[in-house]
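# Understanding the architecture of this molecule
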Amino acid sequence: MAKDAPKSKEQKAAKEQVSLEVPNDLLMEKVTEKLKLLNYETGFCQRKRPHWKPLHHLYFTSPQAGNPTEQFYYFANLVAWLVGLCGRTLNPPAQHDDPNTVCTNIVVEMKGLGLSNAVNFPPAKLKQGHGDAVCRVLQSLVDQALGATNFAFQKPVYPADTYNEEAQDDDGGDIIGVIQDDDTAGLGQQDDDNDEYVVGGKPGGPGEEDVIDDNAMIESTINPEEWKLELERVAPQLRTMVIADSKDWRSHLDRAKHSLEVIKKVLPESKTNLERIQRDISGTLERLESREEYVNSHFDLQVREYRGFREQLSQMQNQYHKSTENVAELANELSRISEELEQVKQTKEERENNISDTSPLIKIKNAIQTVQSELTELSVRIGVVEHDLMKTLHKASIERKLGKR
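Notes on the structure in this doc start here. Keep in mind that what you see is a predicted model, and the values were worked out from it rather than measured. (Residues numbered from 1 in each chain as written. Predicted model: local features only at pLDDT ≥ 70, side-chain atom pairs only at ≥ 80, totals over all residues. Heavy atoms only, no water.)

## Details of the overall build of the protein
To be explicit about the condition: For the purposes of this entry, the term helix denotes a DSSP run of H or I that reaches at least four residues, the term strand denotes a run of E that reaches at least two, and both are numbered from the N terminus. Throughout, exposure labels follow a simple rule: accessible area from a 1.4 Å probe, protein chains only, divided by the maximum for the residue type, with under 20% read as buried, over 50% as exposed, and the rest as partly exposed. Throughout, the Shrake-Rupley method with a 1.4 Å probe supplies accessible areas, and for residues the shown protein chains are the sole cover considered.
A tally of helices and strands in the protein yields 11 helices and zero strands. Starting at the N terminus and walking to the C terminus, you meet the elements of the protein as α-α-α-α-α-α-α-α-α-α-α. A buried classification covers 16% of the 405 residues belonging to the protein. Approximately 33500 Å² of the protein is accessible, and the part contributed by carbon and sulfur atoms is 55%.

Take a look at the structure:
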């Protein structure tokens, strides 16, 4: 039971660590914001010619399009700069250095800074230049660099609330219902004297004789002159907005009346101008017709010749098109025959090369020599076996003879 307890604690810690893992995009976003606090745009990006491009929030989370080694080269140089801010030295790698050596040097420097927990993975994971390992290495180095530069986040300062307690309408002005303090007194007196609006109303309160029948006529006891004065005083504080509706029949009627008046004013002058233009156009058309008749009567022969030439031109164009089609067909046939001729030439050359090639004969001769050498070797072995067999038979015969004696 004592041995099982530590295992359960380790399992709980592992589960908590897995549950607290942050996605790569959030890690990279934190890294870019903290790099801005370290002024990396001037301290790191401008160290190289041409300058390094500033990072975006997803640069090291996934492989970038283009050169795959550029991402790793950027990461390695950024790590070297952060290690320098932490108080150690790591030479920036060149573009043709071995990536495995560079990754190993990064892991060694991380362990030298006391960040062993951030590099609990093989160095080969840094070789790809993106992913979870790269983001976590940058996160640890950025935090270490901020601590080395004595950077500390201050408490946020919240501004005081400066909200306008008065309600405002869409145009930014006060709502009609909001009444100024200096007006509340005068209006309050009217609210207190509401009883005077009704016949028999008294400020002392209603009595039995003050009860009004529902069917009785309501009469006002307020002085009209005082009412007008109060209205003149309050009217400037009221804002009325009249929005014209384009679908209202009154607006259509007004526009129609206005258009009718404009037409009545413009119609006489426009009518005379149009009549004058009509007379000019009719006279011009008559002159054109007479001129056309004159041209047709004097140039009839030339027109006929022109028509004959046009017909000949159309016939020649048709012949040209047909000839062009025939030329195209013959050119296609020529190209097909040329391709067949090239194929025949290639086949002929291949067969000539096969006929003049003596490599098969040489191979056959070499095979015959090999077979002959193997036959000689076999014959020698057969002779040796026959000799051993004869020797064995001779010994056996001698032994049988001796056994008979």
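## Examining the packing of helix α2 (residues 24-37) against helix α6 (residues 132-148)
Stated precisely, the cut-off is as follows: For helices, the fitted line uses only the C-alpha atoms of the stretch in contact; every axis is such a line through C-alpha atoms, and the angle between N-to-C directions lies from 0 to 180 degrees. Orientation categories follow fixed angle ranges, with anything under 35 degrees roughly parallel, anything over 145 roughly antiparallel, 65 to 115 roughly perpendicular, and all other angles oblique. Should the near helix be turned counterclockwise from the far one by less than a right angle, the crossing is left-handed, whereas a clockwise turn marks it as right-handed. Contacts between residues were defined by any pair of non-hydrogen atoms, one from each residue, lying within 4.5 Å.
One can describe the packing of α2 onto α6 by two numbers: an axis separation of 9 Å at closest approach and a directional angle of 30°. In this view, α2 runs roughly parallel relative to α6, as classed from their interaxial angle. Crossing geometry of α2 relative to α6 is assigned as left-handed. Note on element contacts: α6 touches α2 through Asp 132, Cys 135, Arg 136, Leu 138, Gln 139, Val 142, Asp 143 and Leu 146, opposite Asn 24, Leu 27, Lys 30, Val 31, Lys 34, Leu 35 and Leu 37.

## Examining helix α5 (residues 99-112)
Definition in use: By this rule the span expected of a helix is its residue count minus one, scaled by 1.5 Å. Directions from the helix axis toward the C-beta atoms define the arc.
An ideal rise of 1.5 Å per residue puts 20 Å on 14 residues; α5 measures up with 20 Å between its terminal C-alpha atoms. Considered for burial, the residues of α5 that qualify are Val 102, Cys 103, Ile 106, Val 107, Glu 109 and Met 110. All buried residues of α5 lie within an arc of 165° about the axis, which places them on one face of the element. Positioned one or two residues after α5, Gly 114 has a phi angle of 80°, which is positive.

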